Amino acid sequence: AQTSQTNWGELIRAAATNASLKHIYWPEIERVVAEQIRSARMGLGKGAWQLFVEDGEMKMYRREVEEDGLVVDPLKATHQVKGITGRELCHYFFYPEYRYDWEGTLETMNVVDKIAEDTILFHQIHKRIWPAAQRDATFWSHLTHVPDEEEKSEDSPHIWATVNNSVELPSHPPNSGKQVRIYLTIILMGQTIISPAAKGRELKRDDITCKITYCAVVNPGGWAPSSVLRAVYKREYPKFLKRFTAYVLEKTKNLPIKL
Ligand code: 18C
């Protein structure tokens, strides 16, 4: 009920570190993160989303969109995983030290600049798919959390999100080597639901469920055959979300719960 009135910018600012707030990218980060959270929370109400993958709790929807002859189909995925929190989910997605463990499309990842504890600049080179050219990406990544206004209680856990958004970096000009630059806007968001049965006793991993929303728009940046591209993402998005959530479950199973 709150979505249209909520000032997401204010909430995102409240969670941000000083180093992020002072950075020249901040106005853009705040705008894009707010927009991504707003649309991730909106559900599937608007737009003709078509379900193209269903696997247990995991559902993936897309809209077929082309720009200048390139497939840029927006993706929206929802999932539910028992035993992890939104904060844990976003932690493993955001921090670079885990990325090679779960990111199957990666050839190399470099941290170009650690702007702050919650904002990092990346350059990534992805695996090549024949017959297209190899792709690379430069993007900022921001980790944030906002109060969950659906859950009325004061102490309900925050909703956590990581947003990745392409940015031009003078140190890494696009299309200058053998890679074609891709452009991406991605959000991974996790809402922690605590079972009412856990009230008044110590919380166990069985008592928590993470409601996940993952939205992605990737522009391939240059020629790529549409049929190959659609086949690739149809395979890669589900593979990512299953592998990544299994990874977070494995990493956290013996750790104290971080709400
Ligand atoms: O969100 C994800 N990962 C984050 C951290 O890495 C980050 C990165 C997103 C970039 C994903 C796009 C990579 C495309 C590169 C080619 C794919 C290689 C496949 C290798 C197969 C072994 O936000 C998780 C990302 C999950 C994977 C998404 C795949 C989306 C494919 C979109 C197509 C892009 C153009 C491909 C080039 C042409 C192919 C014919």
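Residues numbered from 1 in each chain as written. Predicted model: local features only at pLDDT ≥ 70, side-chain atom pairs only at ≥ 80, totals over all residues. Heavy atoms only, no water.

Considering the environment of Asn165
Rules: Secondary structure elements are defined from DSSP: runs of H or I of at least 4 residues count as helices, runs of E of at least 2 residues count as strands, and each element is numbered from the N terminus. Type-normalised accessible area, obtained with a 1.4 Å probe on protein chains alone, sets the label of each residue: buried when under 20%, exposed when over 50%, and partly exposed for intermediate values. Working rule for contacts: check all heavy atoms of both residues, and any pair within 4.5 Å makes them a contact. Here a polar contact is taken to be a pair of N or O atoms separated by no more than 3.5 Å, where protein atoms must pair a possible hydrogen donor with a possible acceptor and residues adjacent in sequence count only if both atoms sit in side chains.
One can find Asn165 in strand E9 (residues 159-166). The class of Asn165 is buried, set by a relative accessible area of 9%. Through-space distance from the C-alpha of Asn165 to that of Val217 is 9.7 Å; in sequence the pair is 52 residues apart. Leave out the neighbours within four places in its chain, and Asn165 touches Glu28, Val32, Phe139, Trp140, Leu184 and Thr185. Polar side-chain contacts of Asn165 include one of 2.8 Å to the side chain of Thr185.

Structural notes on unusual backbone geometry
Of the consecutive residues Trp130 and Pro131, the connecting peptide bond is found in the cis state with omega at 5 degrees. Structurally, Pro131 is set in the loop between strand E7 (119-126) and strand E8 (135-146). The phi dihedral of Asp68 is positive, around 50 degrees, even though this residue is not glycine. Here Asp68 shows up in the loop between strand E3 (66-67) and strand E4 (70-71).

Section: the site of the ligand
Quick reminder of the rule: Proximity is defined per residue: if any heavy atom of the residue lies within 4 Å of a molecule or strand, that residue is considered near it. The protein chains shown are the only cover counted for residues, whose accessible areas, like all others here, come from Shrake-Rupley with a 1.4 Å probe. Here a cavity denotes grid points, spaced 1 Å and computed from the protein atoms alone, that fit a 1.4 Å probe unable to get out, and a pocket denotes an open set having protein on both sides within 12 Å along at least 5 of 7 lines; residues with an atom within 4 Å of a point are the lining. A pocket or cavity is taken to hold a molecule when more than half of that molecule's atoms are within 2 Å of the pocket's grid points.
The ligand sits among 26 residues. The nearest are Glu103, Gln124, Asn164, Ile186 and Tyr214. Glu103 places a polar side-chain atom, nitrogen or oxygen, 2.6 Å from an oxygen atom of the ligand. Protein chains shield 95% of the accessible area of the ligand, which is 890 Å² for the free molecule. The site holding the ligand turns out to be the largest pocket. Elements with a minimum of two residues in the shell around the ligand: helix H5 (99-102), E7, strand E11 (183-194), strand E12 (208-219) and helix H6 (226-252). The greatest single-element share of the shell around the ligand, amounting to seven residues, is contributed by H6.

A word on the packing of aromatic side chains
Definition in use: Two aromatic rings, drawn from Phe, Tyr or Trp (for Trp, its six-membered ring), form a pair once their centres lie within 6.5 Å of each other, and the interplanar angle then sorts them: stacked below 30 degrees, edge-to-face above 60, tilted otherwise. Two limits define a charge over a ring: the Lys NZ or Arg CZ must be within 6 Å of the ring centre, and within 35 degrees of the ring normal.
Tallying each qualifying case throughout the model produces 14 aromatic pairs. Geometrically, the ring pair formed by Trp102 and Phe240 is tilted, given 5.6 Å between the ring centres and 45 degrees between the ring planes. Residue Trp102 is located in helix H5, and its partner Phe240 is located in helix H6; the two are separated by 138 residues in the primary sequence. Classification of Trp102 by relative accessible area gives buried; the value is 3%. Members of the aromatic cluster, joined through ring pairs, are Phe52, Phe93, Trp102, Tyr214, Tyr233, Tyr237, Phe240 and Phe244. Here the basic side chain of Arg63 rests over the ring of Trp49, its NZ or CZ set 4.7 Å away from the ring centre. Stacked on the ring of Phe122, the Lys or Arg Arg99 has its end atom at 4.2 Å from the ring centre.

Some words on helix H1 (residues 8-15)
To be explicit about the condition: The directions considered for the arc run from the helix axis to the C-beta atoms.
Within the span of H1, buried status applies to Trp8, Gly9, Leu11 and Ile12. Viewed end-on, H1 has its buried residues packed into an arc of 165 degrees, placing them on one side of the element. Among the structural elements, helix H3 (26-41) and E8 are those in contact with the buried residues of H1.

From the geometry alone we can't say anything about function, so treat these as descriptive.
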